[in-house]
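Close look at the chain arrangement
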Amino acid sequence: MTNNPFPLSRDELLTAYRTMRTIRDFEERLHVEFAKGDIPGFVHLYAGEEACATGIMMHLTDIDRIASTHRGHGHCIAKGVDVHEMMGEIYGKVTGCCRGKGGSMHIADLSKGMMGANGILGAGAPLICGAGLAAKFRGDGGVGLTFFGDGAANQGTVLESMNLAAIWNLPVIFVVENNGYAESTSVEYATAVDSYVDRAAGFGLPGVTVDGTDFFAVYEAAGEIIKRAREGGGPALLECKTVRFFGHFEGDAQTYKAKGENDHNRAHRDCLKLFGARVTAAGVVSEADLALIDREVAALIDDAVETAKGAPLPGARDLTTDVYVAY
Ligand SMILES: Cc1ncc(C[n+]2csc(CCOP(=O)(O)OP(=O)(O)O)c2C)c(N)n1
Ligand SMILES: [Mg+2]
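Heads up: these notes are all about the structure in this document. Not measured: the values here are computed from a predicted model. In every chain, residue numbers begin from 1 and rise along the written sequence. Going through the entries in the order they are written, you letter the chains from A and number the ligands from 1. A pLDDT threshold of at least 70 governs which residues receive local features in this predicted model, and a stricter bar of 80 or more applies before side-chain atom pairs are shown or counted, although totals over entire chains, interfaces and linings include all residues. Hydrogen atoms and water are omitted, and side-chain values are computed over all heavy atoms in the structure.

To continue, consider the packing of helix α1 (residues 10–35) against helix α11 (residues 271–281). Two numbers describe how α1 lies on α11: the axes approach to 10 Å, and their chain directions differ by 160 degrees. Our classification of the angle between α1 and α11 gives roughly antiparallel. Along this stretch, α1 crosses α11, giving a crossing that reads as left-handed. Facing Leu 13, Ala 16, Tyr 17, Met 20, Arg 21 and Arg 24 of α1, the residues of α11 in contact are Cys 271, Leu 272, Phe 275 and Val 279. Its residues assigned to classes, the contact of α1 with α11 comprises 8 nonpolar, no polar and 2 charged. Axes here mean lines fitted to C-alpha atoms, for a helix over just the part in contact, with angles spanning 0 to 180 degrees between N-to-C directions. Only DSSP runs of H or I with at least four residues qualify as helices, and only runs of E with at least two residues qualify as strands; both kinds are numbered from the N terminus onward. Comment on the angle field: the value is read as roughly parallel under 35 degrees, roughly antiparallel over 145, roughly perpendicular from 65 to 115, and oblique elsewhere. Rotating anticlockwise by less than a right angle from the far helix to the near helix defines a left-handed crossing, while the corresponding clockwise rotation defines a right-handed one. Working rule for contacts: check all heavy atoms of both residues, and any pair within 4.5 Å makes them a contact. Just so you know the grouping, Ala, Val, Leu, Ile, Met, Phe, Trp, Tyr, Cys and Pro go in nonpolar, Asp, Glu, Lys and Arg go in charged, and all remaining residues, Gly too, go in polar.

We now examine the site of ligand 1. Residue proximity to a molecule or strand is established when one non-hydrogen atom of the residue lies within 4 Å of it. The environment of ligand 1 is formed by 15 residues, the closest being His 70, Arg 71, Gly 119, Ala 152 and Tyr 181. Polar contact criterion, stated in full: a pair of N or O atoms within 3.5 Å, where within protein one must be able to donate a hydrogen and the other to accept it, and residues adjacent in sequence count only if both atoms are side-chain atoms. For ligand 1, an oxygen atom lies 2.7 Å from a polar atom in the side chain of His 70. Note that an oxygen atom of ligand 1 is positioned 3.4 Å from one of the side-chain N or O atoms of His 248. Accessibility throughout is a Shrake-Rupley quantity obtained with a 1.4 Å probe, and a residue counts as covered only by protein chains that appear here. Expressed as a share of its isolated accessible area of 590 Å², the protein-covered part of ligand 1 is 74%. Taken together, the residues of the shell around ligand 1 sort by class into 5 nonpolar, 7 polar and 3 charged.

Here we come to the nonpolar core. By convention a nonpolar core is built from buried Ala, Val, Leu, Ile, Met, Phe, Trp, Tyr and Cys residues, the set being connected through side-chain atoms within 4.5 Å. To sort residues, take the accessible area from a 1.4 Å probe on protein chains only and compare it with the maximum for the residue type: under 20% means buried, over 50% means exposed, and anything in between is partly exposed. With 69 residues, the main nonpolar core has Leu 13, Phe 26, Ile 56, Met 87, Leu 145, Phe 215 and Phe 275 as its most contacted residues. In this structure Phe 275 touches Leu 13, Ala 16, Tyr 17, Met 20, Phe 215 and Phe 216, once residues within four positions along its chain are discounted. Counting residues in each nonpolar core, the second largest holds 21 residues, with Ala 125, Ala 131, Ala 165 and Val 187 among its members.

As a further point, take α11. Working note: α-helix, 3.6 residues per turn, so residues spaced by three or four point in the same direction. Along α11, the positions that sit buried rather than exposed are Cys 271, Leu 272, Phe 275, Gly 276 and Val 279. Taken down its axis, α11 places every buried residue within 130 degrees of arc, on the same side. The inward-facing, buried residues of α11 contact α1, α2 (50–57), α9 (215–230) and α12 (287–310). Measuring from the side-chain oxygen of the N-cap residue of α11 to the backbone nitrogen of Leu 272 gives 2.9 Å; that N-cap residue is Asp 270. Positive phi shows up at Gly 283, right after α11, with a value of about 80 degrees. Summarising the geometry, the arc corresponds to the directions from the helix axis toward the C-beta atoms.

Further remarks concern the sheet that holds strand β1 (residues 65–67). An order of β1-β2-β3-β7-β6 is seen for the 5 strands of this open sheet, with the pairing classed as parallel. Because the sheet does not close on itself, it has two edges, and the strands there are β1 and β6 (207–211). Each adjacent strand pair in this sheet contributes to an overall mean axis angle of 20 degrees, direction not counted. Paired strands, in this sense, are two strands between which DSSP finds at least two bridges. Bridge analysis of strand β2 (residues 144–149) against strand β3 (residues 172–178) gives 6 bridges, and the strand direction is parallel. Within the sheet, the bridge partner assigned to Leu 145 lies in β3 and is Ile 173. Taken strand by strand, helix α6 (residues 156–167) contacts β2, β3 and β7 (236–241), and its axis lies near 150 degrees from that of β3.

In the sections that follow, a salt bridge refers to a side-chain nitrogen of Lys or Arg positioned within 4 Å of a carboxyl oxygen of Asp or Glu. Counted under the stated rule, the structure contains 19 salt bridges. Close ionic contact of Asp 25 with Arg 21 constitutes a salt bridge, the shortest N to O distance being 3.6 Å. Of this pair, Asp 25 and Arg 21 both sit in helix α1, 4 residues apart, which is roughly one turn of the helix. The exposure class of Arg 21 is buried, given its relative accessible area of 17%. Arg 24 serves as the salt-bridge partner of Glu 50, at 2.6 Å between the closest nitrogen and oxygen. Here Glu 50 is found in helix α2, whereas its partner Arg 24 is found in helix α1, with 26 residues between them in sequence. Classification of Glu 50 as buried rests on a relative accessible area of 0%. A cluster of three or more residues bridged by salt bridges with shared partners is formed by Arg 29, Glu 33, Lys 36, Asp 302, Glu 306 and Lys 309.

What follows is the structure, given as structure tokens:
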């Protein structure tokens, strides 16, 4: 029996790989399908950033809540939202998790603790303070995580929320997914500090920066921060330095990137390749194990796309349902 040097069992390693592969295939397929013109609205792809969502979400259960971003597909999949319902939602079909009325930037599934993708930058931070406050009052050990990019990190809502979480000692974690760009603006241009951890320190929050393309680095750092928050230790910040393989949105010509940048990232900073190399070199997982998952995920995504395409659109009557809630 091979000695397992990782902090996860063989089954957990396979689960991590399956999650990252599902996100990657979901996004690569959307890249192709979006170009055909069948998908309404905007789509922002998460490919390249899979290790961030996966390494973090493996520490969470359905009682834990997350608030996502405009680039939210990876967060949803890693939090356990059904891939068929997500695809239906992105195609605007009644089979979607929000009955086709939200689309890519409004996917939500409260049963999974997924409070919603969000088209408004920095909007998840105050939401998650509410979720954290509720968890604290319930005393159920639940935690809340809000994701935001290097650009959204400069929103006042994020900074105000860090202060609020600190003074109320909320079980809330601020996750900066620093992919180097906010649309076409580089992080060096737009952010005055070298690390978002320095900024968190201004609110009395501990923080850590990790290589977001290294699943194990994310997993270990997130594990410590989440455990601390669960046990009443309060909020913290996690910065994951990562890469996005595609443009800001589908259709972006990416003229602001260096020549060959995407190819370089796909060759040297692909979290799936890095993960696969580590676990197979250690002999805990074989190439065949990974190839089997690849085939199963490919079939899942094929089926999700075909099912979504074949599903009906919402009818005129659906226009007035789920819109207002009478309290
Ligand atoms: C409050 C607000 N301002 C501006 C925008 C327009 N906008 C959408 S995404 C984006 C850039 C976000 O960059 P970042 O936070 O780094 O996330 P990334 O897209 O890199 O994941 C901007 C400016 C918005 N959606 N909301
Ligand atoms: Mg960014």
